[in-house]
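# Residue-level structure breakdown
Here is what each chain is made of, one letter per residue.
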2 protein chains.
Amino acid sequence: MSTVAAAFDDGFRATLAALFALRRDVRHFRPDPLPEGVLERLFALARLAPSVGLSEPWRFAIVADPARRTRVRALFEACNQRALAGYDGERAALYARLKLAGLDIAPVQFAAFSDRATEQGAGLGRQTMPETAEYSVVAAIHTIWLAARAEGIGLGWVSILDPAEMPEILDVPRSWRLVGYFCLGRPEEEATIPELQRLGWAARAPMSQNILNR
Amino acid sequence: MSTVAAAFDDGFRATLAALFALRRDVRHFRPDPLPEGVLERLFALARLAPSVGLSEPWRFAIVADPARRTRVRALFEACNQRALAGYDGERAALYARLKLAGLDIAPVQFAAFSDRATEQGAGLGRQTMPETAEYSVVAAIHTIWLAARAEGIGLGWVSILDPAEMPEILDVPRSWRLVGYFCLGRPEEEATIPELQRLGWAARAPMSQNILNR
């Protein structure tokens, strides 16, 4: 234990900070399949994520079937068109040029759901905030994101989907809540700056602006 | 760039996996204050977390005022008593023995909220799933959690709170949504196994049980 803790030294912390800084939401993938065993390794690490009351409410559906992928792609297109209709002028023109998903190319795709009905954990910690089930799934996704980046693999989070449609498309229980749909693969390029920032959609704010003292 | 990427080598990945495995939800803290500069460093890293449409909807309230801490503590007690009332027999006896928050001792405490009304990011990616604002805050929290653990500092997530009460207690906009309340400090002990597992509240499931192929 102390041996392992000792490995969290200045060098590791600096590389961890670089990992946080270089993680990107990837939308441009290379089509090559992931090396054997990578996906299993990422999901094994995801299991170490925190979950409310140790409930492990994460449920993953790895989507390989072309017909299902086509339906997800169509749902994204429909939702994205509706989103585009909500912007005007230059915003609309810029939005239309953004590439917001790597659904055509990413070799691995999966959906993440939460199962609030799970009996594991006996409901501990989620009586007043049942949404902590979804938050646990987000922590698992973020774990995958970081671990993937450390292997040179990019993840892209697709949220422009109607969550109510997804359980039927992927044939999972209707009670499962979609947390997100994800693309995994080798990125076309590594980038130090978020694409939305590079393209002028949004700028980051100083953190001090978002911290209050009470 | 390639220099940094090259630092993500087998040694780093192994230590990163150990970090995931050794991160704990800490409820037993030492009272000593955190070293100067740690909190600022953790929040600076949190800013590198992914956020939907680069909206950075995270809002943090660092709670130092004893009167506010007392009110949070009282709210936790009330919610925890109600939760206890929902268990019977051995479950109730075990629940009553669990320590579910380090609110009395943790030297640093903060609340995390999401601001869905933020104009940053112009709503991109969150038309169909507005809850992605909260998910962005969770990713920031998980970033703090990992970075803190790499400095030997523990974080405890308190979710046994009525989220509707918290904006008033902490004097933040009523429209902000509570994502969680957090304790930070040196842990009394390092642990390789989650406390809820050690105490027999819940057991982890094999990940394979939670993965479907579609």
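Residues numbered from 1 in each chain as written. Chains lettered and ligands numbered in written order. Predicted model: local features only at pLDDT ≥ 70, side-chain atom pairs only at ≥ 80, totals over all residues.

## Some words on the overall build of chain A
Stated precisely, the cut-off is as follows: Numbering of helices and strands starts at the N terminus; helices are DSSP runs of H or I of at least 4 residues and strands are runs of E of at least 2. Throughout, radius of gyration means the C-alpha value; the globule benchmark is 2.2 Å times the number of residues raised to the power 0.38. Backbone-placed C-beta atoms define the burial measure: a residue is buried with 20 or more other C-beta atoms within 10 Å of its own, exposed with 12 or fewer, and partly exposed in between.
Looking only at helices and strands, one finds eight helices and five strands in chain A. Start at the N end of chain A and walk to the C end: the helices and strands fall as α-α-α-β-α-α-β-α-β-α-β-α-β. Relative to the globule expectation of 17 Å for 214 residues, the C-alpha radius of gyration of chain A, 19 Å, shows essentially globular dimensions. With the principal axes as the frame, chain A shows a C-alpha extent of 55 × 50 × 40 Å. Counting all 214 residues of chain A, 45% fall into the buried class.

## Let's talk about the sheet that holds strand β1 (residues 58-62) of chain A
Where we set the bar: Strands pair, by our definition, only if DSSP identifies at least two bridges between them. Lines fitted to C-alpha atoms define the axes here, with helix axes fitted over just the stretch in contact, and angles between the N-to-C directions of these axes take values from 0 to 180 degrees.
As summarised here, the arrangement of the five strands in space is β3(A)-β4(A)-β2(A)-β1(A)-β5(B), forming an open sheet in which the pairing is mixed. The open sheet has two edge strands, β3 (154-158) of chain A together with β5 (211-213) of chain B, and neither has a second partner. On average, each strand axis in the sheet is inclined to that of its neighbour by 25°, with strand direction left out of account. Examined bridge by bridge, β3(A) and strand β4 (residues 177-185) of chain A share five bridges and lie antiparallel to one another. If you follow A:Val158 over to β4(A), its bridge partner there is A:Tyr181.

## Thoughts on the relation of the copies chain B and chain A
Basically, it comes down to this: The copies were overlaid by least squares, fitting only the C-alpha atoms of residues that reach a pLDDT of 70 or more in each copy. Remark: residues whose backbone-derived C-beta atoms lie within 7 Å of one another are considered to be in contact.
It takes a turn of 180° to lay chain B on chain A, together with a shift of 0.0 Å along the axis; the resulting RMSD is 0.0 Å. This pairing of chains is accounted for by a two-fold axis. Comparing contact sets, 100% of the residues at the interface of chain B also lie at the interface in chain A, consistent with an isologous, same-surface contact.

## Notes on the environment of B:Ala191
Residues and elements named next belong to chain B. One can find Ala191 in the loop between β4 (177-185) and α8 (195-198). Judged by the 17 C-beta atoms lying within 10 Å of it, Ala191 falls in the partly exposed class. Along the chain, Ala191 and Leu22 lie 169 residues apart, while their C-alpha atoms are 7.0 Å from each other.

## Thoughts on the environment of B:Trp58
Following the sequence through the fold, B:Trp58 ends up in strand β1 (residues 58-62). C-alpha separation for the pair B:Trp58 and B:Leu19, spaced 39 residues apart in sequence, amounts to 24 Å. Sequence-distant contacts of B:Trp58, defined by excluding residues within four places in its chain, comprise A:Asn210, B:Ala46, B:Ala112, B:Ser114, B:Ser136, B:Val137 and B:Ala140.

## Here's the deal with the interface of chain B and chain A
Taken together, the contacts link 84 residues of chain B with 84 residues of chain A. When residues of the side of chain B that touches chain A are traced back to their parent elements, those giving at least two are α1 (2-6), α2 (10-22), α3 (38-46), β1, α4 (66-84), α6 (132-149), α8 and β5 of chain B. Top contributing element to the side of chain B that touches chain A by residue count: α2(B), with ten residues. As defined by bridge partners, β1(A) adjoins β5(B) across three bridges and the pair is classed as parallel. Opposite A:Ile62, over in β5(B), you have B:Asn213 as the bridge partner.

## Some words on the sheet that holds β4(B)
A sheet is described by the order of its strands in space; here five strands give the open sequence β5(A)-β1(B)-β2(B)-β4(B)-β3(B), paired in mixed fashion. Of all the strands in the sheet, just β5 (211-213) of chain A together with β3 (154-158) of chain B have a single pairing partner and so form its edges. Strand-to-strand, the axes of this sheet are offset by a mean angle of 25°, without reference to chain direction.

## Focus on helix α3 (residues 38-46) of chain A
An α-helix turns once every 3.6 residues. As a result, residues three or four positions apart point the same way. Worth spelling out the cut-off: The arc in question is traced by the directions running from the helix axis to the C-beta atoms.
Regarding α3(A), the residues found buried are A:Leu39, A:Leu42, A:Phe43, A:Leu45 and A:Ala46. Buried residues along α3(A) cover an arc of 160° about the axis, so they all sit on one side. Contacts made by the buried residues of α3(A) are with β1, β2 (108-114) and α6 (132-149) of chain A together with α2 and β5 of chain B.

## What to know about the pairing of strand β2 (residues 108-114) of chain B
Residue and element names in this part refer to chain B. With seven of seven residues buried, β2 is to be regarded as a mostly interior element. Here β2 shows a buried face lined by Val108, Phe110, Ala112 and Ser114 and a second buried face lined by Gln109, Ala111 and Phe113. The sheet contact formed by β1 and β2 spans five bridges and is antiparallel. Each bridged residue has a counterpart across the sheet, and for Trp58 the counterpart in β2 is Ser114. As paired strands, β2 and β4 are joined by seven bridges and run antiparallel to one another. In the strand pairing of β4, Phe110 is matched with Phe182.

## With respect to the packing of α6(A) against α6(B)
Selection criterion: Working definition: roughly parallel below 35 degrees, roughly antiparallel above 145 degrees, roughly perpendicular at 65 to 115 degrees, and oblique for all remaining angles. A clockwise turn of the near helix away from the far one marks a right-handed crossing, whereas an anticlockwise turn of less than a right angle marks a left-handed crossing. Three classes are used, and their members are as follows: Ala, Val, Leu, Ile, Met, Phe, Trp, Tyr, Cys and Pro are nonpolar, Asp, Glu, Lys and Arg are charged, and the others, Gly among them, are polar.
Where α6(A) contacts α6(B), the two axes come as close as 9 Å, and the packing angle between them is 60°. The orientation of α6(A) relative to α6(B) falls into the category oblique. As for the relative orientation of α6(A) and α6(B), their crossing is right-handed in sense. Judged by residue contacts, A:Tyr135, A:Val138, A:Ala139 and A:His142 of α6(A) engage B:Tyr135, B:Val138, B:Ala139 and B:His142 from α6(B). Residue composition of the contact of α6(A) with α6(B), grouped by class: six nonpolar, two polar and no charged.

## Some thoughts on unusual backbone geometry
Of note, the phi angle at A:Asp171 is positive, near 50°, even though the residue is not glycine. Looking at where A:Asp171 falls in the secondary structure, it is placed in the loop between α7 (166-170) and β4. Positive phi, normally seen in glycine, also occurs at B:Leu54, with a value near 55°. Here B:Leu54 is to be found in the loop between α3 and β1. On the basis of neighbour counts, which here come to 22 C-beta atoms within 10 Å, the residue B:Leu54 falls in the buried class.

## Points about the packing of α3(A) against α6(A)
All names here are of chain A. Interaxial distance between α3 and α6 falls to 8 Å at its minimum, and their mutual angle equals 135°. Taken as axis vectors, α3 and α6 run oblique relative to one another. In this structure, the crossing between α3 and α6 has a hand that is right-handed. Residues Leu42, Leu45 and Ala46 of α3 lie in contact with α6, whose contacting residues are Ala140, Thr143, Ile144, Ala147 and Ala148. Its residues assigned to classes, the contact of α3 with α6 shows seven nonpolar, one polar and no charged.

Limitation: the analysis is restricted to geometry and does not speak to function.
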